[in-house]
Amino acid sequence: MKSIVFATNNAHKLAEARAILAGMVEVKSLADIDCHDDIPETAPTLEGNALMKARWINERYGVDCFADDTGLEVDSLGGAPGVRSARYAPGAGHDSAANMKLLLENLLDKKDRNARFITVVAVITDGVEATVEGKCEGIITKEPSGMSGFGYDPVFQPEGESRTFAEMSEAEKNAISHRGEAMRRLAEYLDRM
Ligand code: IMP
């Protein structure tokens, strides 16, 4: 079986990708190729960041690989936090609680709470680059609810659901999530190659 490296250090994402791509391709981690680089993601778009990470691995390690980047777009905030989702609250780094707090504060006087998660996956196989995307529409709730998941999950309620992502099991979330969809599109792409 062919192998492909997933340029992430997130164990949850790795397990999800392995489950979706099982039997098709062996998904290796960065640790598997002895990569401990601090891979830059400084592009102004999700696609740019995903490509930047995939190219970093492909050029330095000479392996087929893919990388992802995710953002939360809120309509009444002009698409923010978007590509800055991980670093939305100033100085908070990847502090999810601070990011969620700022998001709820910024939405206090807004009627429109429509939002969507977007994941872009960039893949490089045999030197050929491609990108696939997954999306999940929903709303930002008025307060956090639920304990599972990560990031903005406690304040994101997917369309047609009465629970937030953080109130769902991992399997329930993956079945409808932006990243689940992007991973399934990646599986279709690799299957055609
Ligand atoms: P990344 O591209 O997966 O690193 O995601 C960027 C930021 O978006 C993360 O720091 C999280 O705050 C947020 N994020 C990404 N995916 C999800 C998700 O599935 N649920 C909630 N928040 C997410």
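Above: the structure in question.
Residues numbered from 1 in each chain as written. Predicted model: local features only at pLDDT ≥ 70, side-chain atom pairs only at ≥ 80, totals over all residues. Heavy atoms only, no water.

Draft legend 1. Structural view of the site of the ligand. Every one of the 13 residues lining the ligand counts as a neighbour, but Lys13, Thr70, Asp153, Lys173 and His178 are closest to it. One of the backbone N or O atoms of tyrosine 152 is found 3.0 Å from a nitrogen atom in the ligand. The contact in question runs from an oxygen atom of the ligand to an N or O atom on the side chain of arginine 179, over 2.9 Å. Relative to its unbound accessible surface of 470 Å², the ligand loses 89% to contact with the protein. Every element with two or more residues in the shell around the ligand is listed here: strand S3 (65-74) and helix H5 (178-192). (Near = heavy atom within 4 Å. Polar contact = N/O pair within 3.5 Å; in protein donor to acceptor, adjacent residues only side chain to side chain. Areas by Shrake-Rupley, 256 points an atom, 1.4 Å probe, with all protein chains shown as cover. Helix = DSSP H or I, 4+ residues; strand = E, 2+ residues; numbered from the N terminus.)

Draft legend 2. Structural detail: the environment of leucine 108. Inspection of the secondary structure puts leucine 108 in the loop between helix H3 (96-106) and strand S5 (114-125). In this structure, the C-alpha to C-alpha distance between leucine 108 and lysine 142, residues 34 residues apart in sequence, is 8.1 Å.

Draft legend 3. Spotlight on unusual backbone geometry. Cis peptide bonds are those with omega within 30 degrees of zero, and the linkage from alanine 80 to proline 81 qualifies with -5 degrees. Here proline 81 lies in strand S4 (residues 81-82). Even without glycine at this site, aspartate 34 takes up a positive phi of about 60 degrees. Relative to the assigned elements, aspartate 34 resides in the loop between strand S2 (26-28) and helix H2 (46-61). Look at aspartate 126: it is not a glycine, yet its phi comes out positive at around 50 degrees.

Draft legend 4. Spatial organisation of the pattern of salt bridges. Inspection of every chain in the model, using the stated rule, returns 14 salt bridges. Two residues, aspartate 68 and lysine 13, come together in a salt bridge whose shortest N-O distance is 3.2 Å. Here aspartate 68 is found in strand S3, whereas its partner lysine 13 is found in helix H1 (residues 11-20), with 55 residues between them in sequence. The class for aspartate 68 is buried, based on a relative accessible area of 1%. With relative accessibility at 15%, the residue lysine 13 sits in the buried group. Notably, a salt bridge pairs arginine 185 with glutamate 181, separated by 3.6 Å at the nearest N-O pair. Of this pair, arginine 185 and glutamate 181 both sit in helix H5, 4 residues apart, roughly one helical turn. (Salt bridge = Lys/Arg side-chain N within 4 Å of Asp/Glu carboxyl O. Buried < 20%, exposed > 50% of the residue type's maximum accessible area, 1.4 Å probe, protein only.)

Draft legend 5. Region of interest: the environment of leucine 46. Along the chain, the position of leucine 46 falls in helix H2. By relative accessible area, leucine 46 is classed as buried at 14%. C-alpha of leucine 46 to C-alpha of isoleucine 118: the two residues are 72 residues apart in sequence and 8.4 Å apart in space. Leaving out residues up to four positions away in the same chain, leucine 46 has contacts with Asp69, Thr70, Gly71, Val83, Ile118 and Val120. (Contact = heavy atoms within 4.5 Å.)

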